[in-house]
Amino acid sequence: LDDIYHGQKVLKDKIVPPQLILGAKHFRREFMNFSVPKGIYVHICGTDLIRDDSGNYLVLEDNLRCPSGASYMIENRAAMRRAFPNLFQSYGVRPVEGYADDLLKALLHLAPAQNDKPNVVLLTPGVFNSAYFEHCFLARQMGIPIVEGRDLVVRDTRVFMRTTAGLVAVDVIYRRIDDDFLDPTVFRADSMLGVPGLVNAYRAGHVALANSIGTGIADDKVIYAYVPKLIKYYLGEDPLLPNVNTYLASEPLDRKFILENIAKLVVKSANEAGGYGMLIGPAATAAECESFRAQVAANPRNFIAQDPIKLSRSPTWCDGALEGRHIDLRPCILYGEKI
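What you see is a predicted model, and the numbers here were worked out from it, not measured in a lab.

## Some details on the overall build of the protein
Here is step 1: Helix and strand counts for the protein stand at 11 helices and 16 strands.
Here is step 2: For the protein, the spread of C-alpha atoms along the three principal axes comes to 60 × 55 × 40 Å.
Here is step 3: Within the span of the protein, comprising 339 residues, buried residues form 44% of the whole.
Here is step 4: When contacts within the protein are restricted to residue pairs at least 6 apart in sequence, those whose partners lie at least 24 apart make up 64%.
Here is step 5: Total accessible area on the protein stands at roughly 18,100 Å², and carbon and sulfur atoms take up 54% of it.
Here is step 6: Here the protein contributes 38 positively and 39 negatively charged side chains, and the mean placements of these two sets differ by 1 Å.

Take a look at the structure:
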């Protein structure tokens, strides 16, 4: 990310085709040559790992914008500990309850240096967002206010929170809103969720955002296919875990293969999340396959395809009986003073 928004060596050395970055939905030209606080772009990362039917571990995708899920893990663990207290003790399961403390430390690390007692808030789109439970849960666990865009105001490139006692300065925003909706004066003008002037305050260094603006280019599913090359390019190492075999619709030969075999493949939109914009060919109808075939042909940059994988399964209580359900593992990686 730092290279993409500064020297762009990776493009000049043709490791990644420039058009895939420069034409990407989440590439933010507005932040070229902008140095983010502490040099950290991704403060909270959720990378999904899977295991196939041969027992091999694979990286399914990276989530670097506003990854969700930690709160459900913590609540689930609390319920399991109440139900089976001896189980966790006998097997030595490591605790997860410290996640909120670690997250708060990572956020406090971002605060502008001039403030000894920084104020951190969690910015949510509101009650209609599918992850609103998590927003409330994490804010409560960290002991910080949860706010919507209308609760914040920018004055002289500084962000303030409206309270009954007056305006209170805000130093760090853990934002659970995508870039497009953050600031209607810079991105989508019709956004009612963001804060007018927030980007200017961010540029001025008076407020920090987690995750940084522009991280979406790195969890674009087309760029995912290049991550093994990026690891080799930047670190001189081979990946410890392989990717799922991926076909890029933007490549003519791959596109031909996808269009001819769409009923046998899993097809994904490059910038969707949470299972949206996705076709599981072997389980789809002929009409659904035909619809996706037309979308891929019309906008190849926006699609990838992968071979179906038989994911590992876990016993799950469903409608009064135990049944197998496919699972993946999402480690939550926090980057503050340390990783």
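After presenting the structure, the write-up continues.
## Description of the packing of aromatic side chains
Here is step 1: Throughout the structure, instances matching the rule amount to 10 aromatic pairs.
Here is step 2: The interplanar angle of 75° and the centroid separation of 5.3 Å between the aromatic rings of F31 and F34 together place this pair among those described as edge-to-face.
Here is step 3: You can call F31 buried: its relative accessible area is 3%.
Here is step 4: Connected via pairs of aromatic rings, a cluster forms that spans Y5, F27 and Y41.
Here is step 5: Over the aromatic face of F187 sits the side chain of R28, whose NZ or CZ is 5.0 Å from the ring centroid.
Here is step 6: The cationic tip of R203 hangs over the ring face of F31; the distance from NZ or CZ to the ring centre is 4.7 Å.

## Looking at the nonpolar core
Here is step 1: Counting residues in hydrophobic clusters, the biggest one holds 43 residues, and the most contacted among them are V16, L152 and I173.
Here is step 2: Of all elements in the fold, only helix 1 (9-12), helix 2 (18-22), strand 3 (120-123), strand 6 (158-163), helix 7 (198-203) and helix 8 (221-224) reach the threshold of two or more residues within this core.
Here is step 3: Tallying contributions element by element places helix 7 first for this core, with 4 residues.
Here is step 4: Sequence-distant contacts of L152, defined by excluding residues within four places in its chain, comprise L123, V147, V159, F160, M161, R162, V170, I173 and V195.
Here is step 5: Core analysis: the next-biggest nonpolar cluster, separate from the first, contains 22 residues, I74, A111, V120 and Y174 among them.

## A few points about the sheet that holds strand 4 (residues 146-147)
Adjacent strands of a sheet form backbone hydrogen bonds with each other and so pair up, either parallel or antiparallel.
Here is step 1: An order of 4-3-8-9 is seen for the 4 strands of this open sheet, with the pairing classed as parallel. Either end of the sheet is taken by a strand with one partner, and the two such strands are strand 4 and strand 9 (208-210).
Here is step 2: Note that strand 3 and strand 8 (residues 172-175) share 4 bridges and pair parallel. Following the sheet pairing, V120 is matched in strand 8 by V172.

## What about the pattern of salt bridges?
Note on pairing: side chains with opposite charge can pair once their charged atoms come close.
Here is step 1: Using the criterion set out here, one finds 15 salt bridges in the structure.
Here is step 2: Residue D219 pairs with R65 through a salt bridge whose shortest N-O separation is 3.2 Å. In this pair, D219 is assigned in the loop between strand 9 and helix 8 and R65 in the loop between strand 2 (57-63) and helix 3 (70-83), connecting sequence segments 154 residues apart.
Here is step 3: Here E323 ties to R325 by a salt bridge, and the two come within 3.1 Å at their closest N and O atoms.
Here is step 4: Note on R325: relative accessible area 37%, which makes it partly exposed.
Here is step 5: Here the salt bridges share partners, and the residues they tie into one network are R28, R175, D179 and D180.

## Here we look at the environment of E251
Here is step 1: Tracing the backbone through its elements, the reader meets E251 in the loop between strand 10 (246-248) and helix 10 (252-260).
Here is step 2: Along the sequence, E251 and I304 sit 53 residues apart, while their C-alpha atoms lie 9.9 Å from each other.

## Brief notes about helix 11 (residues 286-298)
Here is step 1: In this model, helix 11 (13 residues) spans 18 Å end to end at C-alpha, consistent with the 18 Å of a helix rising 1.5 Å per residue.
Here is step 2: Those residues of helix 11 lying buried are C289, F292 and V296. Within helix 11, the buried residues cover an arc of 65° as seen down the axis, which keeps them to one side. Opposite the packed face of helix 11, turned more than 90 degrees from it, sit the exposed residues A287 and A298.
Here is step 3: Among the structural elements, helix 10, strand 11 (266-269), strand 12 (278-280) and strand 13 (303-306) are those in contact with the buried residues of helix 11.

Procedures and definitions
Residues numbered from 1 in each chain as written. Predicted model: local features only at pLDDT ≥ 70, side-chain atom pairs only at ≥ 80, totals over all residues. Heavy atoms only, no water. Helix = DSSP H or I, 4+ residues; strand = E, 2+ residues; numbered from the N terminus. Buried < 20%, exposed > 50% of the residue type's maximum accessible area, 1.4 Å probe, protein only. Contact = heavy atoms within 4.5 Å. Areas by Shrake-Rupley, 256 points an atom, 1.4 Å probe, with all protein chains shown as cover. Lys, Arg positive; Asp, Glu negative; His and termini not counted. Charge placed at Lys NZ, Arg CZ, Asp CG, Glu CD. Phe/Tyr/Trp six-rings, centres within 6.5 Å; stacked < 30°, edge-to-face > 60°. Lys NZ or Arg CZ within 6 Å of the ring centre and 35° of its normal. Core = buried A, V, L, I, M, F, W, Y, C linked by side-chain atoms within 4.5 Å. Pairing = 2+ DSSP bridges. Salt bridge = Lys/Arg side-chain N within 4 Å of Asp/Glu carboxyl O. Expected span 1.5 Å × (residues − 1). Arc of directions from axis to C-beta.

Function-wise, these values are silent; they only describe arrangement.
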